[in-house]
Amino acid sequence: MKVNSSLCDICGTCVAVCPVDAIRVSEFCVHIEMDVCTQCGNCLQVCPARAITVEGDAS
Amino acid sequence: MSAREYDVVVVGAGPAGSITARFAAQGGAGVLMLERDREPGIPVRCAEGVSRAGIEPYIEPDERWIAARIEGARLHAPGGHFVDMTHVGTGYVLERRIFDTELANMALRAGAHLLCKADAVGLVHEDGRIAGVKYRHNGELRTVRCRIVVGADGVESRVGRWAGIDTAVALSDIDTCCQYTLAGIETLPNLCEFYFGNGVSPGGYVWIFPKGPDTANVGIGVAGHLAANKAPREYLDEFVARRFPDARINYIVYGGVPTACSPRHISEDGIMLVGDAARQVNPITGGGVVQGMVAGEMAGRTAAEAIKSGDVSRRTLKAYDKAWMKALGNTQRTMWSLKERFLKMDDERFNRLVSTFQKVPQEQFDLKSLFKEAIREDPKLVAEVARAFLVTKIRGK
Ligand SMILES: Cc1cc2nc3c(=O)[nH]c(=O)nc-3n(C[C@H](O)[C@H](O)[C@H](O)COP(=O)(O)OP(=O)(O)OC[C@H]3O[C@@H](n4cnc5c(N)ncnc54)[C@H](O)[C@@H]3O)c2cc1C
Ligand code: SF4
Ligand code: SF4
């Protein structure tokens, strides 16, 4: 999972649906800790700005 | 400053945090609010609609934060017909930048302190007890000592999780939202409008909340589990192109609204959660400002009493959990069951429901007459609504 910081609005929606608390928000960025993330895809699906992509995915 | 010790540290200076801080300070506690952003209330991620009766116990109406006065609502069915509800209470569309700042100022006047650009990053534990909060300020990691930490940190809350309260919500219990503030448009001056339907906004609705003679907050929420293939903004663009083809977009914001069942467990030893952090949002309307303020008063009072008594364990703090459940939490649980029913409704059902409502004369527009009409028109729906209430009651035991 990777957050595209130019699309991310820092709205925190992704944090609420992460079952393993892998996402951190600060005033200027959102960061996913990949060693905690289980790749469940929840954050990807609810991100209203569509700022999250699967790492290595061409899209 | 960082060496100081407080009784209560409130993480987040939104409406829930500021009211908590005000009531805790009034009760004699030493209170510090930590806010990540540069000032409270910015950025605004909200359609800004509130009921007058809900906010007026906490703040005197002031033209500076009233953008528009609301007399009722218009509900649009997927089939194109609509019903007006003008006897269900009045409201405001706020200027939340100013409203939130004023609530924070009221907390400061009650004696609380506020530190902005302070991003809480974890708790301090000592001898197995909560002893403070770690936060980042101007790039520096600091700690502040305290006895109670209040998580008022919004939808993105992590305070609960740090203390072992699992606040993660299911995909069907969050609405993913996009909102434009449009200018150069014509709206109904004193009505908030809502559009329902699976083609318009699956599992949620489109809203038009007027903010002035030619501007409005126009946004959409889509239920998370139905948002895989199309982003909320795509639905919103389609709607705006149809209804407001000549509009100018002044602002765009994204956000998430938790529409979860009110959790019963919202405090721990030395920890309390309020507002969006405790998922205190009406699951049908998505309104959370008033809920957060009501909970904030209860949390602030309980925190002050706990500090006075010297016992900040869950044994004392759970008085807050109980007060919340009694005031609004149980109602929220009922609303959540209803929402689950609505999520399963197809457009034909929505159309029938609105036609049913249309038959009720305005003056008699209350729940009782709606229920009477609905029984005549659609006994099955009524049975489902009744079951939803019943299920909640049984679960509530
Ligand atoms: C698009 C949209 C439309 C909405 N429309 C309405 C509406 O019309 N009416 C209504 O009643 N409700 C509405 N809501 C819901 C409403 O906005 C929230 O319920 C309300 O803001 C919750 O208040 P709060 O104080 O709990 O949290 P917030 O207002 O979100 O405040 C939380 C604060 O905590 C801060 N914070 C977070 N983490 C940290 C940290 N680690 N350290 C320091 N500070 C932190 C944040 O910066 C923020 O200032 C809407 C929500 C959205 C997304
Ligand atoms: S994919 Fe799942 S586990 Fe990974 S960050 Fe997103 S929500 Fe969390
Ligand atoms: S949901 Fe999307 S826009 Fe919002 S904070 Fe997460 S990555 Fe950023």
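Just so it is clear, the structure is predicted and the values come from calculations on it, not from any experiment.

Where interface size is given, it is often the accessible area lost as the parts come together that is meant. Residue and element names in this part refer to chain B. Each assigned domain of chain B is listed here: domain 1 (8–60 + 96–168 + 261–331), domain 2 (71–90 + 171–258) and domain 3 (337–396). Contact with domain 1, which involves 15 residues of that partner, is made by 13 residues of domain 2. Carbon and sulfur atoms supply 53% of the area that domain 1 and domain 2 bury against each other, a total of about 1100 Å² over both sides. The largest per-residue losses of area from domain 1 upon contact with domain 2 belong to Arg45, Ala47 and Val155, which jointly make up 36% of the total buried on that side.

Turning next to the site of ligand 2. Residues in contact with ligand 2 amount to 13 residues; listed here are only the nearest, A:Cys18, A:Cys37, A:Cys40, A:Gly41 and A:Cys43. Taken atom by atom, the bulk of ligand 2 overlaps the second largest cavity.

Before going further, it helps to spend a moment on the pairing of strand 2 (residues 31–35) of chain B. All names here are of chain B. Counting buried residues along strand 2, 5 of its 5 residues qualify, which places the element largely inside the surrounding structure. Going residue by residue along strand 2, you find Val31, Met33 and Glu35 tucked away on one face and Leu32 and Leu34 tucked away on the opposite face as well. Examined bridge by bridge, strand 1 (residues 8–11) and strand 2 share 4 bridges and lie parallel to one another. Note that in strand 2 the partner of Val8 across the bridge is Val31. In terms of handedness, the path from strand 1 via helix 1 (residues 15–26) over to strand 2 forms a crossover that is right-handed. Looking at chain direction, strand 2 and strand 8 (residues 113–116) are connected through 4 bridges and run parallel. Across the sheet, the residue bridging to Glu35 is Cys116, located in strand 8.

All names here are of chain B. What surrounds ligand 1 is a group of 34 residues, the closest being Glu35, Ala47, Gly49, Ala120 and Asp276. Pro15 is positioned with one of its backbone polar atoms (N or O) 3.3 Å from an oxygen atom of ligand 1. One of the backbone N or O atoms of Arg36 is found 3.0 Å from a nitrogen atom in ligand 1. For ligand 1, whose free accessible area comes to 1000 Å², the fraction covered by protein is 90%. Of all the secondary structure elements, the ones that give two or more residues to the shell around ligand 1 are helix 1, strand 2, strand 9 (118–126), strand 15 (205–210) and strand 17 (248–258).

Another aspect to go through is the side chain of B:Thr167. Tracing the backbone shows B:Thr167 in the loop between helix 4 (159–162) and strand 13 (174–183). Leaving out residues up to four positions away in the same chain, B:Thr167 has contacts with A:Ala16, B:Ser157, B:Arg161, B:Leu273, B:Ala277 and B:Arg279.

Attention now moves to the packing of aromatic side chains. Centre distance and the angle of the planes are the two values used to describe a pair of aromatic rings. All names here are of chain B. A full pass over the atoms with the stated rule returns 8 aromatic pairs over all chains. Look at Trp65 and Tyr92: their rings are 6.1 Å apart centre to centre, the planes differ by 85 degrees, and that puts the pair in the edge-to-face class. Separated by 27 residues along the polypeptide, Trp65 in the loop between helix 2 (52–55) and strand 4 (66–70) and Tyr92 in strand 7 (residues 91–94) bring together distant segments of the chain. Overall, Trp65 belongs to the buried group, its relative accessible area being 0%. What makes Tyr92 buried here is its relative accessible area of 2%. Both rings, one in Trp65 and one in Phe99, keep their centres 5.1 Å apart while their planes meet at 70 degrees; by these two values the pair is edge-to-face. Of the two residues, Trp65 sits in the loop between helix 2 and strand 4 while Phe99 sits in helix 3 (residues 96–109), which places them 34 residues apart along the sequence. Like Trp65, the residue Phe99 is buried in the burial classification. Taken together through their ring pairs, the aromatic side chains of Phe194, Phe196, Tyr205, Trp207 and Phe209 make up a single cluster. Above the ring of Phe82, the side-chain terminus of Arg74 is found at 3.9 Å from the ring centroid. The ring centre of Tyr235 lies 4.2 Å from the NZ or CZ of Lys230, which sits over that ring.

Reading the values: rules and limits
Starting from 1, residues in each chain are numbered consecutively following that chain's sequence as written. To read the labels, note that chains go from A and ligands from 1, taken in the order they are written. At least 70 in pLDDT is required for a residue's local features to be given in this predicted model, at least 80 for side-chain atom pairs to be given and counted, and no such filter applies to totals for whole chains, interfaces and linings, which use all residues. Excluded from the side-chain calculations are hydrogens and water; all other atoms, namely the structure's heavy atoms, are used. All domain edges in this entry derive from an automatic or database-based domain assignment. Two residues qualify as a contact provided that any one of their heavy atoms is within 4.5 Å of a heavy atom in the partner residue. Buried area is understood as the total, over both parts, of accessible area removed when two parts are fitted together, assessed with a 1.4 Å probe. Put simply, a residue is near a molecule or strand once any heavy atom of it comes within 4 Å of that molecule or strand. Cavity: a set of points on a 1 Å grid over the protein atoms alone where a 1.4 Å probe fits but cannot get out. Pocket: an open set with protein on both sides within 12 Å along at least five of seven lines, its lining residues, like those of a cavity, having an atom within 4 Å of a point. For a molecule to be placed in a cavity or pocket, more than half of its atoms must lie within 2 Å of the grid points of that cavity or pocket. Exposed residues in this analysis have more than 50% of their type's maximum accessible area, buried residues have under 20%, and partly exposed residues fall in between, with area computed by a 1.4 Å probe over protein chains only. Under the DSSP-based scheme used, a helix requires at least four consecutive residues in state H or I and a strand at least two consecutive residues in state E, with every element numbered from the N terminus. Here, a strand pair is defined by DSSP locating no fewer than two bridges between the strands. Looking down the strands as they point away from you, a crossover is right-handed if its path from the first strand over the helix to the second goes clockwise. Throughout this description, a polar contact denotes any pair of N or O atoms lying within 3.5 Å of each other; where both atoms belong to protein, one of them has to be capable of donating a hydrogen while the other can accept it, and for residues adjacent in sequence the pair is counted only when both atoms sit in side chains. For the accessible areas, the method is Shrake-Rupley and the probe is 1.4 Å, while residue cover comes only from the protein chains on display. Put simply, two rings from Phe, Tyr or Trp (the six-membered ring, in Trp's case) pair if the centres are within 6.5 Å, and we call them stacked under 30 degrees between planes, edge-to-face over 60, tilted for the rest. Either the NZ atom of lysine or the CZ atom of arginine qualifies as a charge over a ring when it sits within 6 Å of the ring centre and within 35 degrees of the ring normal.

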